[in-house]
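Listed here are the chains, written in short residue letters.
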Amino acid sequence: MPEPTPALAAVEVSGTAPSGGAAQPGGQLVVSVGGQVARPGLVRLAPGARVADAVEAAGGPVPGADLTGLNLARRLSDGEHVVVGPAGPAAAAADAAQPAGDGPSGRRVDLNTATLAELDALPGIGPVTARRILDWRSAHGRFAGVDQLREVDGIGEARFSQLRDLVTA
């Protein structure tokens, strides 16, 4: 892999794996890789693969991508999402370009990629409910729409109406 540059940093590895992170039939892991890689999208890897393997399978980092904030040695689980992207001033500029919303960061939180911390920052959501959202995502896959948030244990109509405009799917 190319030597990282200080201008950009890997910013996120999010998502959760189904219980045990078991490989798909056929013995492969399926991992989504996005951000500053040559070929973003789904990659198939052997069980035991690491974040570095996923980045390489997506064509490697683009010139200028900094991987120092990403744990390249961490083992992956099936269904994870690895994002290589800007940090610092470049990330702030990218965030500013996002449409404004009412979420804690000024934009909507994506239920399909949000981390525990991002979900916990939402009003009325604590660490327990944030974990339940991640567990639902692990058990059921992607949220097809915001309305599916009602299926998460602990999110009733009142809490859902509070969150509806703060999240996206």
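Bear in mind that the values here come from a model prediction, so they are computed numbers and not experimental data. (Residues numbered from 1 in each chain as written. Predicted model: local features only at pLDDT ≥ 70, side-chain atom pairs only at ≥ 80, totals over all residues. Heavy atoms only, no water.)

**A closer look at the overall build of the chain**
If you tally the helices and strands in the chain, you get 5 helices and 6 strands. Its helices and strands in sequence order give the chain the pattern β-β-β-α-β-α-β-α-α-α-β, from N to C terminus. Counting the 169 residues in the chain, one finds 35% classified as buried. Counting contacts in the chain only where the partners sit at least 6 residues apart, residues at least 24 apart contribute 56% of the total. When the accessible surface of the chain is totalled, it reaches about 8600 Å², and 52% of it is carbon and sulfur. (Helix = DSSP H or I, 4+ residues; strand = E, 2+ residues; numbered from the N terminus. Buried < 20%, exposed > 50% of the residue type's maximum accessible area, 1.4 Å probe, protein only. Contact = heavy atoms within 4.5 Å. Areas by Shrake-Rupley, 256 points an atom, 1.4 Å probe, with all protein chains shown as cover.)

**A closer look at the side chain of Asn 112**
Turning to its location among the elements, Asn 112 is positioned in the loop between strand 5 (109-110) and helix 3 (116-120). Judged by relative accessible area, which is 8%, Asn 112 ranks as buried. Separated by 2.5 Å, the side chain of Asn 112 and the backbone nitrogen of Phe 143 make a polar contact. Sequence-distant contacts of Asn 112, that is, excluding residues within four places in its chain, are made with Arg 137, Arg 142, Phe 143 and Ala 169. (Polar contact = N/O pair within 3.5 Å; in protein donor to acceptor, adjacent residues only side chain to side chain.)

**Considering the confidence of the model for the chain**
Residues with a pLDDT of 70 or more make up 72% of the chain, whose mean pLDDT is 75. Helix 1 (residues 51-57) holds the highest mean pLDDT among the elements of the chain, 93, whereas strand 1 (residues 12-14) holds the lowest, 39. Counting contacts from residues 1-23, a segment whose pLDDT is below 50, to residues more than four positions away or on other chains yields 70 contacts. Counting interchain partners and residues more than four positions distant, the pLDDT-below-50 stretch residues 87-105 has 18 contacts. (pLDDT = per-residue confidence, 0-100.)

**Here's the deal with helix 4 (residues 127-140)**
Within an α-helix, residues lying three or four positions from one another point in the same direction, as the helix has 3.6 residues per turn. For helix 4, built from 14 residues, the straight-helix expectation of 20 Å at 1.5 Å per residue is met to within 8% by its first-to-last C-alpha distance of 20 Å. For helix 4, the complete set of buried residues consists of Thr 129, Ala 130, Ile 133, Leu 134, Trp 136, Arg 137 and Ser 138. Elements that come into contact with the buried residues of helix 4 comprise helix 3 and helix 5 (157-163). (Expected span 1.5 Å × (residues − 1).)

**A short note on the packing of aromatic side chains**
For the structure on display, the rule yields 1 aromatic pair. Ring geometry for Trp 136 and Phe 143: centres 4.2 Å apart, planes at 25°, overall stacked. Across the pair, exposure class does not vary: Trp 136 and Phe 143 are buried alike. (Phe/Tyr/Trp six-rings, centres within 6.5 Å; stacked < 30°, edge-to-face > 60°.)

**Points about the pattern of salt bridges**
One pass over the full model with this rule turns up 4 salt bridges. Put simply, Arg 74 and Glu 80 hold a salt bridge, and the shortest N to O gap is 2.8 Å. (Salt bridge = Lys/Arg side-chain N within 4 Å of Asp/Glu carboxyl O.)

**What about the pairing of strand 2 (residues 29-35)?**
The buried count for strand 2 comes to 5 of 7 residues, which makes it a mostly enclosed element. Pairing geometry for strand 2 and strand 3 (residues 41-45), over 5 bridges, is antiparallel. Within the sheet, the bridge partner assigned to Ser 32 lies in strand 3 and is Leu 42. Following strand 2, the chain reverses through 5 residues before pairing antiparallel with strand 3. (Pairing = 2+ DSSP bridges.)

**A word on the side chain of Asp 78**
Here Asp 78 shows up in the loop between helix 1 and strand 4 (81-84). Of the polar contacts made by the side chain of Asp 78, one reaches the backbone nitrogen of Val 30; its length is 2.7 Å.

**Re the environment of Pro 123**
Locating Pro 123 in the fold gives a position in the loop between helix 3 and helix 4. C-alpha of Pro 123 to C-alpha of Gln 162: the two residues are 39 residues apart in sequence and 7.6 Å apart in space. When neighbours within four sequence positions are excluded, Pro 123 is seen to be in contact with Gln 162, Leu 163 and Leu 166.

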